[in-house]
Amino acid sequence: MGGMMDGNGMGNSFFGGFFSFGLIFLILIIAIFLIARWMMKPNAKEFNDKERGESSSKDVLKKRLASGEITEEEYDRLKKKLDE
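This is a predicted model, so every value here is computed, not measured.

Novice: Explanation requested: a nonpolar patch on the surface in the structure shown.
Specialist: Together, Leu 23, Leu 26, Ile 27, Ile 30, Phe 33 and Leu 34 make up an exposed nonpolar region whose accessible area comes to about 600 Å². Within the fold, Leu 34 resides in helix H1 (residues 13-40).

Novice: Just to check I follow, could you spell out a negative patch on the surface for this structure?
Specialist: A contiguous patch of negative charge on the surface is contributed by Glu 72, Glu 73, Glu 74 and Asp 76. With respect to the helices, strands and loops of the structure, Glu 73 is situated in helix H4 (residues 72-83). Of the residues examined, Glu 73 reaches a relative accessible area of 59% and is grouped as exposed.

Novice: Would you mind going over the pattern of salt bridges with me for this structure?
Specialist: Note on pairing: side chains with opposite charge can pair once their charged atoms come close. Applying the stated criterion to the full structure yields two salt bridges. Asp 83 is paired through a salt bridge with Lys 58; the nearest N and O atoms lie 2.9 Å apart. Taken together, the residues Asp 83 in helix H4 and Lys 58 in helix H3 (residues 54-67) connect sequence positions 25 residues apart. According to the relative accessible area criterion, Asp 83 is partly exposed, its value standing at 45%. The salt bridge partner of Glu 69 is Arg 64, with a shortest N-O separation of 3.3 Å.

Novice: What exactly am I supposed to notice about the confidence of the model for the chain here?
Specialist: Caution applies to low-pLDDT parts of the model: their predicted coordinates are not meant to be read in detail. Scored by pLDDT, the chain has a mean of 74; 61% of the residues are at 70 or more. Mean pLDDT per element in the chain: helix H2 (residues 44-52) is the minimum at 53, and H4 is the maximum at 89.

Calculation criteria
Residues numbered from 1 in each chain as written. Predicted model: local features only at pLDDT ≥ 70, side-chain atom pairs only at ≥ 80, totals over all residues. Heavy atoms only, no water. Patch = residues over 30% accessible without salt bridge, like charges linked within 9 Å, V, L, I, M, F, W, Y side chains within 5 Å. Areas by Shrake-Rupley, 256 points an atom, 1.4 Å probe, with all protein chains shown as cover. Salt bridge = Lys/Arg side-chain N within 4 Å of Asp/Glu carboxyl O. Helix = DSSP H or I, 4+ residues; strand = E, 2+ residues; numbered from the N terminus. Lys, Arg positive; Asp, Glu negative; His and termini not counted. Charge placed at Lys NZ, Arg CZ, Asp CG, Glu CD. Buried < 20%, exposed > 50% of the residue type's maximum accessible area, 1.4 Å probe, protein only. pLDDT = per-residue confidence, 0-100.

Here is the structure:
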């Protein structure tokens with residue numbers, strides 16, 4: 001009678017189901033942790049620009065010159081000011 005059932009009537013699926021749920025829960029917790037860590041990690045380029053400070057300011061000047069916002073004279077004047 002019962003064939004696959006053990007003495008308590010729960011069968012082997014109880015332990016398989018319980019441990020499968022625990023494994024899925026553990027994977028979910030690890031995934032949440034890794035996603036949170038990835039989201040909080042500073043972007044390497046942004047971090048380097050902040051460290052360099054003046055280089056990123058020069059990049060902004062170059063972009064403004066290229067877009068025609070400032071003239072070459074203004075660019076030279078502002079670049080010298082940044083070099084001080």
